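Architecture at a glance
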Amino acid sequence: MPKDGGIGDSPKRREDVRFLTGTGRYSDDINIYNQVYAYFVRSDVAHGRIAGIDAEAAAAMPGVLRIFTARDFEGVGGIPCGWQITSRDGSVMNEPKHPVLADGKVRHVGDPIAVVVAETLAQARDAAEAVVIDIEDLPAIMDMRAALTPDAPLVHEDMGTNLCYDWGFVEDNRQAVDDAIAHAHHVTTLELRNNRLVANPMEPRVALAEWNAAADEYTLYTTSQNPHVIRLLMGAFVLGIPEHKLRVVAPDVGGGFGSKIFHYAEEAFCTFAAKALRRPVKWVSSRSEAFMSDAHGRDHVTKIELALDENGKFLALRTETLANMGAYLSTFAPSIPTWLHGTLMAGNYTTPLIYVNVKAVFTNTVPVDAYRGAGRPEATYQLERVVDKAAREMGIDPVDLRRRNFITEFPYATPVAVEYDTGDYHATMDKLLALSDHAGFEARAEESRRRGMLRGFGIAHYIEACGIAPSNLVGQLGARAGLYESATVRVNATGSISVMTGSHSHGQGHETTFAQVVGDMIGIDPAQVDIIHGDTARTPMGMGTYGSRSIAVGGSAMVRATEKIIAKAKKIAAHLMEASEHDIELKDGRFTIAGTDRSVAWGDVTLAAYVPHNYPLEEIEPGLEETAFYDPANFTYPSGAYGCEVEVDPQTGKVTVLSFTAADDFGNVINPMIVEGQVHGGLAQGFGQAMMENCAYDADGQLISASYMDYAMPRAADLPMFTVDSTCATPCTHNPLGVKGCGEAGAIGSPPAFVNAVIDALQRGGHDVTHIDMPLTPDRVWEAMQERGVRDA
Amino acid sequence: MHDFDFVRPQTVSDAVRALATPDAQALSGGQTLLPAMKVRLAAPAVLVSLMHIPDMVFVRADGDVLRVGGATTHAQVAREAAGAYPALASLAARIGDPAVRSRGTIGGSLANNDPSACYPAGVLASNATIVTDRREIGADDFFQGMFTTALEEGEIVVEVRFPIPDAARYEKFIQPASRFPLTAAFVARHSGGARVAITGASESGVFRWHEAEVALTSDFAVQALDGLAVDADGMIADLHGSSAYRAHLAGVMTRRAVAAIV
Ligand SMILES: Cc1cc2nc3c(=O)[nH]c(=O)nc-3n(C[C@H](O)[C@H](O)[C@H](O)COP(=O)(O)OP(=O)(O)OC[C@H]3O[C@@H](n4cnc5c(N)ncnc54)[C@H](O)[C@@H]3O)c2cc1C
């Protein structure tokens, strides 16, 4: 039984009180006296040469302070990229310049060209309309394959190619993989596209910067998942501001899904302009701007081949992927199709030989970077689709085929450089089949058939890797940052606690879960513990929240700091009771001398630490505050089995999801309710990708899904009730809480389950459809049925 | 949004006068016009609200005619037409979401004549009459192609009169993003014959599927439509569906509407 409000209990999310009553404090809620407003003039063409900018008339308009263009940023650094990939031939990736404002050329619709700063937003916008920009159109480079042909026009002429890198993994396996595939009993091949997505957090991005002339200090309020990373990238690489003169605050943030990890031009612009104008400068993205300036996600085109023996054992796997980088390299873009994707290609299976080739390509589109799952959904989708297709081709039940290939012994070293510490894939599969009443499926399918509908069941088993680490390894892999996390536990004199974490909560509920952990460790009411995050002036240097890393890495740092607190508190307690510290036990907030009934309360000890009248001053310092930095030994490896049941209307192609079941292994779970909520959110986004969302450009590079009129977001009513279980737990072996992370699982594991279910339904209906590219909108499903008629019975 | 003046007349004649000022435009629910103003695609100098004209806000059954005031919201039609003309009430109840239905009006929808709007199908299949401040216009003459109507500059839709059919049904297949119709069919069985109006599908806006009407007039049954298909030529093709798909959906929605009636 978990303690009340402790680890394993499900107290309600304390932050929801302010979120649900409209008393949160988001970046746009912050207004600074005398602030002015920035409005970005953005390119409306995909590719062109800037022949001239005439801002004279605009500059004279009411309220305008100044109009900025690339010329104002001469001598200022470009937006940096945080990860360098090395190509197969040993050369480092092509890394284009990424100016704050477009310099000479525009490279995607939405590329910022000029910024008007005015007293009011309306004035800035009026003047922006009067800025005359003369652009000579260049041919738009949209198709990745065409972009790699020798005479293709170039996104960046100075690089001489549209190729960013050509990555092979593991290069030494290449020949062996080719040989195995050439000689295999059966090879299943699948070509697919992982559709481009727009993250669409509820809160659009905001930047508000202020410069204090007296101290030469800057403060930037921004919608970020990692304020310290922004401070480092922007301070050191763009604007040359020393970190002690730059404070970055990411207050309440309304969702990010990855899109708020990255350092964006608007942040650098506002910080730069605040000093130039000696006025605080604010920018608030409109939803339309978000579509063309927030980094997009996914956009891979892949050919995957799976070789099997006559018993269905996987022998080898080969993939060739084109990964769209967009027009510039966003902060972590190069790492997504490589280290966060190639390393996952073993999935849950014992495939002994794997080779992954990824060519990253520049196009005239918005930059692409991490989006919930980041690389792992792309890997899982390919793998779980090709396994399903192989099962069908070989006439083996898809559940059975997966089981024949499951990894069952741990730790398990994959041929793609990672080592899974724990897992029990048969257990999650069993759980899924039981919870989804898989045995009753045929009867339900028959009932659907009687109504003229096609019912299908789809399954996917996923692996993910969370808490990317350790730092020395990721450094070797090209990361230009460490991937530890930090926490300071500050115990106050009366025993209450402030935890300053380097993690950042933008909806995940850290204020609740993290307090549960610290409260549980000490044995005090979690209400005595507050979690502080999102401010470089208040928290230790931290790497922020993405990649489902917060509890596994940030939580571990917090545990380490709390352990230091407890160790010191025991010394103080021992002194107060004149006992040996080795005999002191902490339980339910009391320090007891083992085997006796003598004890002191938590509050007695904390008070002694700050009022050290009776205190071992010769041995330990007063005060009770500890910091820990935690660098994990390995990734964590959550996994799970997902299944869904759909019904296809053969007349319209419309798919209705009837049920969805998720059996996850997240290791130990701190707050099951919050975990369930995270899975729900991930599944909804996975559903969005699989069934509805499609970021589409036309051949000229115009974004045609540029608003909610054409970009389809899932709504609650589109989804069934989810059945979610996380009881098949195999705790992580290398972090103190035994936790793995749950934030992305739903978005990683569910898309192939949805697609597999639709294909199953069509096949059962006699349609020889083996693949449909996501999203499986009604028109695509219907078109697929038309193309591949009905099989003769 | 640019600056504009806002007037709130209480009578139709005051509204007509206000609309005669330069760059004046009628504002009803604002569900179309305000977003256009926010992205600066429209910049009227004067907005003349029609929402406070009591003579334009009502739903009334008058024998075999349902009369709806031009400034009546979708929500009110959904509630108050349910008894007299359930198919029309059901159409209104499925427009947009609750916020849109509480603001958007029948007059605004008809004046706008979005090729994917719901009301035009109901009006055309019902053979309704659009009553303006200056004349009466039959449904067959009112809709003149995408975003185009018979309305003159400054002319106001004051009322819509729907002959209540013996039976009717609206079948809507939504476009997944906007949730407007991707293609929808309104089928009405009148004593004088059947009328079938298709919205969402055609590049020329709402249209009557005459072949289906003829077939259904002689035999109001699903089988009467056997072998009939809407020509894909001239149908809209976009991100959400090809012209062939829309033509196909027009057939499916019509058949479903007929099946629901018989
Ligand atoms: C999210 C969303 C979803 C929607 N979904 C649907 C849907 O599923 N189906 C559907 O049919 N519609 C849908 N709509 C549109 C909605 O029905 C609008 O209400 C309608 O298109 C316009 O009506 P309005 O009263 O808001 O007009 P307004 O926006 O006020 O005006 C629209 C135009 O009509 C003119 N006008 C307004 N009233 C009159 C009048 N009485 N006489 C003459 N001219 C007039 C205005 O000058 C303007 O040009 C949706 C809208 C939104 C925002």
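Residues numbered from 1 in each chain as written. Chains lettered and ligands numbered in written order. Predicted model: local features only at pLDDT ≥ 70, side-chain atom pairs only at ≥ 80, totals over all residues. Heavy atoms only, no water.

1. Focus on the overall build of chain A
The cut-off we apply is this: By definition, any uninterrupted DSSP run of H or I lasting at least four residues is a helix, any uninterrupted run of E lasting at least two residues is a strand, and each is numbered from the N terminus. Here, residues are in contact when the closest pair of their heavy atoms is within 4.5 Å. We count Lys and Arg on the positive side and Asp and Glu on the negative side, and we leave His and both chain ends out. For the purpose of locating charges, the reference atoms are NZ of Lys, CZ of Arg, CG of Asp and CD of Glu.
When helices and strands are counted, chain A shows 19 helices and 30 strands. Its C-alpha atoms give chain A principal-axis dimensions of about 90 × 75 × 50 Å. Considering only contacts in chain A between residues 6 or more positions apart, those separated by 24 or more positions represent 80%. A gap of 1 Å separates the mean positions of the 67 positive and 103 negative side-chain charges of chain A.

2. Details of the pairing of strand 9 (residues 167-174) of chain B
Put simply, side chains in a regular strand alternate between the two faces of the sheet. Residue and element names in this part refer to chain B. Note the cut-off: Between buried and exposed lies partly exposed: a residue is buried under 20% and exposed over 50% of the maximum accessible area for its type, with that area taken using a 1.4 Å probe on protein chains only. The pairing criterion is simple: DSSP has to find at least two bridges between the two strands.
For strand 9, the tally of buried residues reaches six of eight residues, placing the bulk of the element in the interior. Both strand 9 and strand 10 (residues 181-190) contribute to a ladder of eight bridges, which runs antiparallel. Pairing of Phe 173 across the sheet is with Thr 183, part of strand 10. Turn length for the strand 9-strand 10 hairpin, with the two strands adjacent in sequence and antiparallel, is six residues, and the turn residue Arg 179 shows positive phi of about 65°.

3. Comments concerning the interface of chain B and chain A
Note the cut-off: Reported buried area values correspond to the accessible surface (1.4 Å probe) lost by two parts on association, with both partners' losses combined. Definition used for salt bridges: Asp or Glu carboxyl oxygen within 4 Å of a side-chain nitrogen of Lys or Arg. Any pair of N or O atoms that falls within 3.5 Å is considered a polar contact. Within protein, one atom must be able to donate a hydrogen and the other to accept it, and sequence-neighbouring residues count only if both atoms are side-chain atoms. Amino acids are sorted into nonpolar (Ala, Val, Leu, Ile, Met, Phe, Trp, Tyr, Cys and Pro), charged (Asp, Glu, Lys and Arg) and polar (every other residue, Gly among them).
Each partner contributes residues to the interface: chain B has 23 residues there, and chain A has 25 residues. Counting the surface lost from both chain B and chain A, the interface buries some 1900 Å², and carbon and sulfur atoms represent 52% of this. Measuring nitrogen to oxygen at the nearest pair gives 3.1 Å for the salt bridge that ties Asp 718 of chain A to Arg 179 of chain B. There are 14 residue pairs in polar contact (both at pLDDT 80 or more) connecting chain B and chain A. Looking at the side of chain B that touches chain A, its residues break down into twelve nonpolar, seven polar and four charged.

4. Thoughts on the UniProt feature "domain: FAD-binding PCMH-type" (unreviewed entry) in chain B
Cut-off, in case you're wondering: UniProt positions are given in the numbering used here, feature names are shortened, and annotations may be inferred rather than shown by experiment.
Within this numbering scheme, the UniProt entry marks residues 1-167 of chain B as carrying the feature "domain: FAD-binding PCMH-type" (unreviewed entry). Annotation note: span residues 1-167 of chain B, helix share 32%, strand share 21%, distance between end C-alpha atoms 45 Å.

5. Focus: empty space enclosed by the protein
Worth spelling out the cut-off: Here a cavity is any set of points on a 1 Å grid over the protein atoms alone where a 1.4 Å probe fits but cannot get out, and a pocket is any open set with protein on both sides within 12 Å along at least 5 of 7 lines; a residue lines the site when it has an atom within 4 Å of a point. Grid points are joined across faces, edges and corners, and a volume is the space filled by probe spheres set on the points. Either an automatic procedure or a domain database provided the assignment from which the domain bounds are taken.
With the rule as written, the count across this model stands at seven cavities of 30 Å³ or more. Lining the largest cavity are 23 residues, with His 98, Tyr 264, Ala 265, Ser 293 and Pro 367 of chain A sitting closest to its centre. A class-by-class count of the residues in the lining of the largest cavity yields 13 nonpolar, seven polar and three charged. Counting contributing residues, the lining of the largest cavity receives three or more from each of domain 2 (31-140 + 202-255 + 260-293) and domain 3 (296-468 + 634-788) of chain A. Approximately 110 Å³ is the volume found for the second largest cavity. Met 692, Asn 694, Asp 710, Ala 712, Pro 775, Thr 777, Asp 779 and Arg 780 of chain A together with Pro 176, Leu 239 and His 240 of chain B together form the lining of the second largest cavity. Of the residues that constitute the lining of the second largest cavity, the class distribution is five nonpolar, three polar and three charged.

6. Some remarks on the domain arrangement of chain B
All names here are of chain B. Split by domain assignment, chain B resolves into domain 1 (5-49), domain 2 (54-163) and domain 3 (167-261). For domain 1 versus domain 2, the distance between C-alpha centres works out to 19 Å. Each partner contributes residues to the interface: domain 1 has nine residues there, and domain 2 has twelve residues. Summing both sides of the interface, domain 1 and domain 2 together bury roughly 860 Å²; the carbon and sulfur share of this comes to 69%. Considering only the side of domain 1, the residues that lose the most area to domain 2 are Val 12, Ser 28 and Gln 31, jointly responsible for 48% of the buried surface there. The tally of links between domain 1 and domain 2 comes to zero residue pairs in polar contact (both at pLDDT 80 or more). Of the residues in the side of domain 1 that touches domain 2, the class split is four nonpolar, five polar and no charged.

7. Looking at the UniProt feature "domain: Aldehyde oxidase/xanthine dehydrogenase a/b hammerhead" (unreviewed entry) in chain A
Within this structure's numbering, the places UniProt gives as "domain: Aldehyde oxidase/xanthine dehydrogenase a/b hammerhead" (unreviewed entry) are residues 21-139 of chain A. End C-alpha to end C-alpha, residues 21-139 of chain A measures 50 Å, and it is 12% helix and 29% strand.

8. Comments concerning the packing of aromatic side chains
Residues and elements named next belong to chain A. Quick note on the threshold: Think of it this way: a Phe, Tyr or Trp ring, Trp meaning its six-membered ring, pairs with another when their centres are within 6.5 Å, and the plane angle makes it stacked under 30 degrees, edge-to-face over 60, tilted otherwise.
Overall, the coordinates contain 35 aromatic pairs over all chains when judged by the stated rule. Ring centres 5.8 Å apart and planes at 65° place the aromatic pair Phe 406 and Tyr 425 in the edge-to-face group. Of the two residues, Phe 406 sits in the loop between helix 10 (398-405) and strand 18 (412-413) while Tyr 425 sits in helix 11 (residues 425-435), which places them 19 residues apart along the sequence. When the ring of Phe 591 is compared with that of Trp 602, the centres are 6.2 Å apart and the planes differ by 25°; the resulting orientation is stacked. In this pair, Phe 591 sits in strand 25 (residues 590-593) while Trp 602 sits in helix 16 (residues 602-610), placing the two residues eleven residues apart along the sequence. For Phe 591, a relative accessible area of 0% gives the class buried. With relative accessibility at 5%, the residue Trp 602 sits in the buried group.

9. Regarding the domain arrangement of chain A
All names here are of chain A. By domain assignment, chain A separates into domain 1 (16-23 + 484-630), domain 2 (31-140 + 202-255 + 260-293) and domain 3 (296-468 + 634-788). Between the C-alpha centres of domain 1 and domain 3 there is a distance of 39 Å. Taken together, the contact pairs 18 residues of domain 1 with 19 residues of domain 3. Linking domain 1 with domain 3 are zero salt bridges, by the criterion used here. Summed over the shared surface of domain 1 and domain 3, the number is six residue pairs in polar contact (both at pLDDT 80 or more).

10. Some points on the site of the ligand
Residue and element names in this part refer to chain B. Quick reminder of the rule: A single heavy atom is enough: if one lies within 4 Å of a molecule or strand, its residue is considered near that molecule or strand. Computed with the Shrake-Rupley method and a 1.4 Å probe, the accessible areas treat only the protein chains shown as cover for residues.
Not every one of the 29 residues close to the ligand is listed here, only the nearest: Ala 26, Ser 28, Gly 30, Thr 105 and Cys 118. In this structure, a nitrogen atom belonging to the ligand sits 2.6 Å away from a side-chain N or O atom of Ser 28. At a separation of 2.9 Å, an oxygen atom of the ligand approaches a polar side-chain atom of Lys 172. When the ligand sits alone it has 960 Å² of accessible area, and the protein chains cover 89% of it. For the shell around the ligand, the secondary structure elements donating two or more residues are strand 2 (24-27) and helix 6 (106-112). Among the elements that line the shell around the ligand, the one with the most residues is helix 6, at four residues. Here the shell around the ligand is built from residues that sort into 13 nonpolar, 13 polar and three charged.

11. Comments concerning helix 7 (residues 119-126) of chain B
Most of helix 7 of chain B is tucked away: eight of the eight residues are buried. Directly beyond the C-terminal end of helix 7 of chain B, a positive phi value near 60° is found at Asn 127 of chain B.

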